[in-house]
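Here is how the chains run, residue by residue.
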Amino acid sequence: MIHKSQLEHLSHEFPHDRNGNVPMQGDHWREMQFEHDDMDPQQDGLSAEERSRRTEYLNTVWWPSVLKRVHDERDRLAGLHGETFTEHWHRTVYTSPESEHGFGVG
């Protein structure tokens, strides 16, 4: 996931969670803070069957549609802005963080 601020003035077009994170392929909805109150599988008082049904829906219907919206918006902006946007996208998404993760061992 990347933060919408990295997409500058185009960020409002992308789906993002409450923290401003835009999902990327390989991310999972459980790692993010999307609002899906009507289908929240962690809601108190749900039966195991309802919890399973909601999780299945989020995994197979809702989440793939969110990822498709990101993909479609990226393609739309690439079509409008050409190489400028495509280069910015690749720099933003595929550049390693400046600082090392963990304890810097390795």
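Residues numbered from 1 in each chain as written. Predicted model: local features only at pLDDT ≥ 70, side-chain atom pairs only at ≥ 80, totals over all residues. Heavy atoms only, no water.

Peer 1: When you look at the overall build of the chain in this model, what are you seeing that I'm missing?
Peer 2: Within the chain one finds two helices and two strands. Relative to its full complement of 106 residues, the chain shows a buried share of 33%. Across the chain, every contact between residues at least 6 apart in sequence was considered, and the portion connecting residues at least 24 apart equals 44%. About 7300 Å² of surface is accessible on the chain, with carbon and sulfur atoms providing 48% of the total. (Helix = DSSP H or I, 4+ residues; strand = E, 2+ residues; numbered from the N terminus. Buried < 20%, exposed > 50% of the residue type's maximum accessible area, 1.4 Å probe, protein only. Contact = heavy atoms within 4.5 Å. Areas by Shrake-Rupley, 256 points an atom, 1.4 Å probe, with all protein chains shown as cover.)

Peer 1: I keep staring at the packing of aromatic side chains and nothing clicks. Help me out?
Peer 2: Each pair of aromatic rings is reported with the distance of its centres and the angle of its planes. Per the counting criterion, the structure on display carries three aromatic pairs. Considering the side-chain rings of Trp62 and Trp63, the 5.9 Å spacing of their centres and the 40 degrees angle between planes classify their relative orientation as tilted. A relative accessible area of 15% places Trp62 in the buried class. Relative accessible area serves as the criterion here: at 5%, Trp63 is assigned to the buried category. Site record: aromatic cluster; members linked through ring pairs are Phe34, Trp62 and Trp63. (Phe/Tyr/Trp six-rings, centres within 6.5 Å; stacked < 30°, edge-to-face > 60°.)

Peer 1: So what exactly am I meant to see when it comes to helix 1 (residues 48-81) here?
Peer 2: In an α-helix, one turn spans 3.6 residues, which is why side chains three or four residues apart end up on the same side. Along its 34 residues, helix 1 runs 48 Å from first to last C-alpha, staying within 8% of the 50 Å computed at 1.5 Å per residue. Leu58 marks where helix 1 bends most, by close to 40 degrees. Those residues of helix 1 lying buried are Glu50, Arg54, Thr55, Leu58, Trp62, Trp63, Val66, Leu67, Val70, Glu73 and Leu77. A positive phi of about 65 degrees marks Gly82, the residue just after helix 1. (Expected span 1.5 Å × (residues − 1). Bend = angle between axes of the 7 residues up to and from the residue.)

Peer 1: Looking at this model, I keep getting lost on the environment of His71. Mind explaining?
Peer 2: Structurally, His71 can be placed in helix 1. Among the polar contacts made by the side chain of His71, one reaches the side chain of Arg74 at a distance of 3.0 Å. (Polar contact = N/O pair within 3.5 Å; in protein donor to acceptor, adjacent residues only side chain to side chain.)

Peer 1: When you look at the side chain of Arg54 in this model, what are you seeing that I'm missing?
Peer 2: Structurally, the position occupied by Arg54 is in helix 1. One polar contact links the side chain of Arg54 to the main-chain carbonyl oxygen of Asp40, over a distance of 3.0 Å. Excluding anything up to four places from it in sequence, Arg54 contacts Asp37, Asp38, Met39, Asp40, Pro41, Gln43 and Leu46.

Peer 1: Just to check I follow, could you spell out the nonpolar core for this structure?
Peer 2: Across soluble globular proteins, nonpolar side chains show a tendency to be buried alongside one another. Among the nonpolar cores identified, the biggest contains ten residues, and these are Ile2, Leu7, Leu10, Phe14, Val22, Met24, Val70, Leu77, Phe85 and Trp89. Mapped onto this core, the elements with two or more residues apiece are helix 1 and helix 2 (83-94). Aside from chain neighbours lying at most four places away, what touches Leu10 is Leu77, His81 and Phe85. (Core = buried A, V, L, I, M, F, W, Y, C linked by side-chain atoms within 4.5 Å.)

Peer 1: What is the right way to look at the pattern of salt bridges in this model?
Peer 2: Pairing of side chains with opposite charge becomes possible as their charged atoms draw close. Tallying each qualifying case throughout the model produces six salt bridges. The salt bridge partner of Glu50 is Arg53, with a shortest N-O separation of 2.8 Å. With Glu50 and Arg53 both in helix 1 and three residues apart, the pair spans about one turn of that helix. As a salt-bridge pair, Glu50 and Arg54 come within 2.8 Å of each other at their nearest N and O atoms. Residue Glu50 and its partner Arg54 are located together in helix 1, separated by four residues, close to a single helical turn. Taken together, the salt bridges that share partners define one network made up of Glu13, Glu73 and Arg76. (Salt bridge = Lys/Arg side-chain N within 4 Å of Asp/Glu carboxyl O.)

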